[in-house]
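Descriptive structure summary
Chain residues, written in single-letter form:
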Amino acid sequence: MKRFLYLYCREEQPSEKSFYRIINDDLRTRDPRKIYRYINILAFINQAILEEELISFKGKVYRATKLDEKLILKLIPGTKMVNTTFWSTSKEFNIAQRFMVRNDWRNAYIICKTVRNNIDLDLEQLNPYNEKEVLFLPFTEFIVENITSEMKYNKKVYTIELTELENKNYVNIRNMQLENANSIGTQKYLEDYLNAPI
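Residues numbered from 1 in each chain as written. Predicted model: local features only at pLDDT ≥ 70, side-chain atom pairs only at ≥ 80, totals over all residues. Heavy atoms only, no water.

This part takes up the overall build of the protein. Broken down by element type, the protein carries eight helices and eight strands. The buried share of the protein, taken over its 198 residues, is 47%. Relative to all contacts within the protein whose residues are 6 or more apart in sequence, the contacts with residues 24 or more apart total 75%. Accessible area for the protein stands at about 10600 Å²; split by element, carbon and sulfur atoms hold 49% of it. (Helix = DSSP H or I, 4+ residues; strand = E, 2+ residues; numbered from the N terminus. Buried < 20%, exposed > 50% of the residue type's maximum accessible area, 1.4 Å probe, protein only. Contact = heavy atoms within 4.5 Å. Areas by Shrake-Rupley, 256 points an atom, 1.4 Å probe, with all protein chains shown as cover.)

Before going further, it helps to examine unusual backbone geometry. Of note, K132 is a non-glycine position whose phi angle comes to about 50°, a positive value. Here K132 lies in the loop between strand 5 (120-122) and strand 6 (133-136).

Relative to the assigned elements, F142 resides in strand 7 (residues 141-152). It is 9.6 Å that separates the C-alpha atoms of F142 and E161, two residues lying 19 residues apart in sequence. Excluding its chain neighbours within four sequence positions, the residues that come into contact with F142 are T79, K80, M81, N83, W87, C112, F136, L162, T163, E164 and L165.

Below, the discussion takes up the environment of I23. Here I23 is to be found in helix 2 (residues 19-28). What makes I23 buried here is its relative accessible area of 0%. Along the sequence, I23 and K34 sit eleven residues apart, while their C-alpha atoms lie 9.1 Å from each other.

A few words now on helix 2. Where helix 2 is concerned, the buried positions are I23, N24, D26 and L27. Along the long axis of helix 2, the arc covered by the buried residues comes to 155°, so they all point the same way. A positive backbone phi angle near 60° is found at R30, which sits one or two residues after helix 2. (Arc of directions from axis to C-beta.)

Right, let's talk about the pattern of salt bridges for a bit. For the structure on display, the rule yields four salt bridges. Across the salt bridge formed by K91 and E124, the nearest N and O atoms sit 2.6 Å from each other. You can see K91 sitting in the loop between strand 3 (87-90) and helix 6 (93-102) and its partner E124 sitting in the loop between strand 5 and strand 6, a full 33 residues away along the chain. With a relative accessible area of 21%, K91 lands in the partly exposed category. E124 sits in the partly exposed class, given a relative accessible area of 26%. Across the pair E124 and K132 runs a salt bridge, and its minimum N-O distance is 3.2 Å. Via salt bridges that share partners, K91, D122, E124 and K132 belong to a single interconnected network. (Salt bridge = Lys/Arg side-chain N within 4 Å of Asp/Glu carboxyl O.)

A few words on the confidence of the model for the protein. Of the residues in the protein, 74% reach a pLDDT of 70 or more, and the chain-wide mean stands at 78. Per-element confidence in the protein ranges from a low mean pLDDT of 46 for helix 7 (residues 170-175) to a high of 96 for strand 1 (residues 60-65). For residues 171-187, every residue scores under 50 in pLDDT, and the model assigns this stretch 24 contacts once sequence neighbours within four places are set aside. (pLDDT = per-residue confidence, 0-100.)

Relative to the assigned elements, V144 resides in strand 7. Remark: the alpha-carbon pair of V144 and M81, spanning 63 residues in sequence, is separated by 6.8 Å. Not counting residues within four places of it along the chain, the set of residues in contact with V144 comprises L75, I76, P77, G78, T79, M81, E161 and L162.

Have a look at this one:
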């Protein structure tokens, strides 16, 4: 499992060949045939957290990303937000800021308070680029706390403050029969995933 996470952290050249790009591009398609291939991986990661082979993180993390402005307008305080890909974040704001400045297409900071023993992974020791990475698994739920915007770096930049919720969605993954593609847990997960708002 640590081998998988190490490969996820690596940046290949060209970047389109990076493992994390391939996985997240598949997940963005919402194609059940592509999504299902990662169900076992998510289950094994979850089990590794429960058995304390992998460490979850409690604290505040930061991410620079691109979000559609139509979606941002729907994210009023008190609403739920769900990610549908792996989310790489950092324990340090200046690392997220570096990504924001370096990439013109990024338009939002995400600041998230995490929950101990939830489905977020402390990858600081595995990430080879000293990015102090914390990784959120797909279908992690958050509550929107606040949204602001300002002109920075010659563009409009949003700051979205979130609090991670205890992820009851992963109960299905914990209990599913991994070898059974037709298990109720797997089907329920896919249905929820395909209907996720982001």
